[in-house]
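The lines below spell out each chain.
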Amino acid sequence: MHSLRSRSPLLPAAALAVAVLVSGCGGQGTTASASPAAAATVATAPSPALTITDPWIKTGGKGMTAAFGTLVNNTDAELTVVSGTSPLSPKVELHEVVDSGGKMVMRPKKGGFVVPARGSHPLAPGGDHIMLMGVTGKVEPGAEVPFTLTLADGSTLRFTAIGKNFAGGKENYQPGEGEH
C-alpha cells in the first residue's frame, strides 16, 4: 500500500494551505465546511449601527416639506444624528415641535436626534422630523428622495424616503408658517 505522501509531494503544501485558510476563518466565529457554498452562507455582513424604518416625505410643491420614519439603533451605545442632506433641498435641518406659549412651533433641535442604545427614535408629524427648506422641486406621491444623515462620530446613514400625501394635524411647511 502506498501512502499519499509518497505519491504527491504537493499534497502536504496543499494541506497546509487549507489548514491556514480554515484557521483564518475560525477566528471570525465561522466553522469550516466541506462545501465552499456552505461556507459562503455562514459569513454575513455586520448590521448597520443605525437604520430607518418606513422613511417617507410629505408631498408638495417648492418651498418646505418634511421627512419622517423611525430611527433604529442596532448598537449597545447611544447614537446622535447631528445633520442631514438631500439633493432635493439646499438646507436640511433636524427639527422638533414644542409648545411655546400655548402654540406649537417648529424649531431646530439642539443637539440633534438622540437614539438610545438598542432603541428607536420616532420622526413623526407634530414631533421630531427632518425639515427641508428651499425645496427645489415638487414631491409627487411615490417619489424617491435620497437622504444622508450624519452622526456625531462622523458615520452616515443613507436612505430613500418615499413621497406620501399627508394632510396631518394642520402641519403647514410653507414659508411663514411655524418659522423660528
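Look a little higher up for the structure.
Residues numbered from 1 in each chain as written. Predicted model: local features only at pLDDT ≥ 70, side-chain atom pairs only at ≥ 80, totals over all residues. Heavy atoms only, no water.

**As for the overall build of the protein chain**
Secondary structure summary: the protein chain contains three helices and ten strands in total. Taken from the N to the C terminus, the helices and strands of the protein chain come in the order α-α-α-β-β-β-β-β-β-β-β-β-β. Buried residues in the protein chain amount to 32% of all 180 residues. Sequence separation of at least 24 residues holds for 66% of the intrachain contacts in the protein chain that already meet a minimum separation of 6. When the accessible surface of the protein chain is totalled, it reaches about 10800 Å², and 58% of it is carbon and sulfur. (Helix = DSSP H or I, 4+ residues; strand = E, 2+ residues; numbered from the N terminus. Buried < 20%, exposed > 50% of the residue type's maximum accessible area, 1.4 Å probe, protein only. Contact = heavy atoms within 4.5 Å. Areas by Shrake-Rupley, 256 points an atom, 1.4 Å probe, with all protein chains shown as cover.)

**Some thoughts on the packing of aromatic side chains**
Scanning all chains against the criterion turns up three aromatic pairs. Considering the side-chain rings of Trp56 and Phe68, the 4.6 Å spacing of their centres and the 35° angle between planes classify their relative orientation as tilted. Of the two residues, Trp56 sits in strand 1 (residues 50–58) while Phe68 sits in strand 2 (residues 63–73), which places them twelve residues apart along the sequence. Each of the two residues, Trp56 as well as Phe68, counts as buried. Both rings, one in Phe147 and one in Phe159, keep their centres 5.2 Å apart while their planes meet at 5°; by these two values the pair is stacked. Remark: Phe159 occurs in strand 10 (residues 156–164) and Phe147 occurs in strand 9 (residues 144–151); sequence separation between them is twelve residues. (Phe/Tyr/Trp six-rings, centres within 6.5 Å; stacked < 30°, edge-to-face > 60°.)

**Topic: the pattern of salt bridges**
Taken as a whole and assessed by the stated rule, the structure comprises six salt bridges. Measuring nitrogen to oxygen at the nearest pair gives 3.5 Å for the salt bridge that ties Glu93 to Lys91. Assessed through its relative accessible area of 17%, Glu93 is described here as buried. Under the relative-accessibility criterion, Lys91 is labelled partly exposed at 43%. Two residues, Glu96 and Lys109, come together in a salt bridge whose shortest N-O distance is 4.0 Å. With Glu96 in strand 4 (residues 91–100) and Lys109 in the loop between strand 5 (103–108) and strand 6 (113–115), the pair connects residues that are 13 residues apart, well separated along the chain. Taking the relative accessible area as the measure of exposure, Glu96 reaches 13% and is therefore buried. Residues joined by salt bridges that share partners form a network here, namely Glu96, Arg107, Lys109 and Asp128. (Salt bridge = Lys/Arg side-chain N within 4 Å of Asp/Glu carboxyl O.)

**Quick notes on the environment of Leu151**
Structurally, Leu151 can be placed in strand 9. Using a relative accessible area of 4% as the deciding quantity, one classes Leu151 as buried. For the pair formed by Leu151 and Leu79, sequence separation is 72 residues and the distance between their alpha carbons is 7.0 Å. In contact with Leu151, not counting residues within four places along its chain, are Leu50, Leu79, Thr80, Val81, Val82, Thr156 and Leu157.

**Thoughts on unusual backbone geometry**
One non-glycine residue, Asp54, lies in positive phi territory at about 50°. Within the fold, Asp54 resides in strand 1. Accessibility expressed as a relative area gives 64% for Asp54, which makes it exposed.

**A short note on the environment of Thr156**
Relative to the helices and strands, Thr156 resides in strand 10. Distance in space between the C-alpha atoms of Thr156 and Ala49 is 9.5 Å, their sequence separation being 107 residues. Discounting residues that sit within four places of it in the chain, Thr156 has contacts with Thr148, Leu149, Thr150 and Leu151.

**Overview of the side chain of His129**
Of note, His129 is situated in strand 8 (residues 129–135). You can call His129 buried: its relative accessible area is 0%. Side-chain polar atoms of His129 contact the backbone oxygen of Gly127, separated by 2.8 Å. (Polar contact = N/O pair within 3.5 Å; in protein donor to acceptor, adjacent residues only side chain to side chain.)

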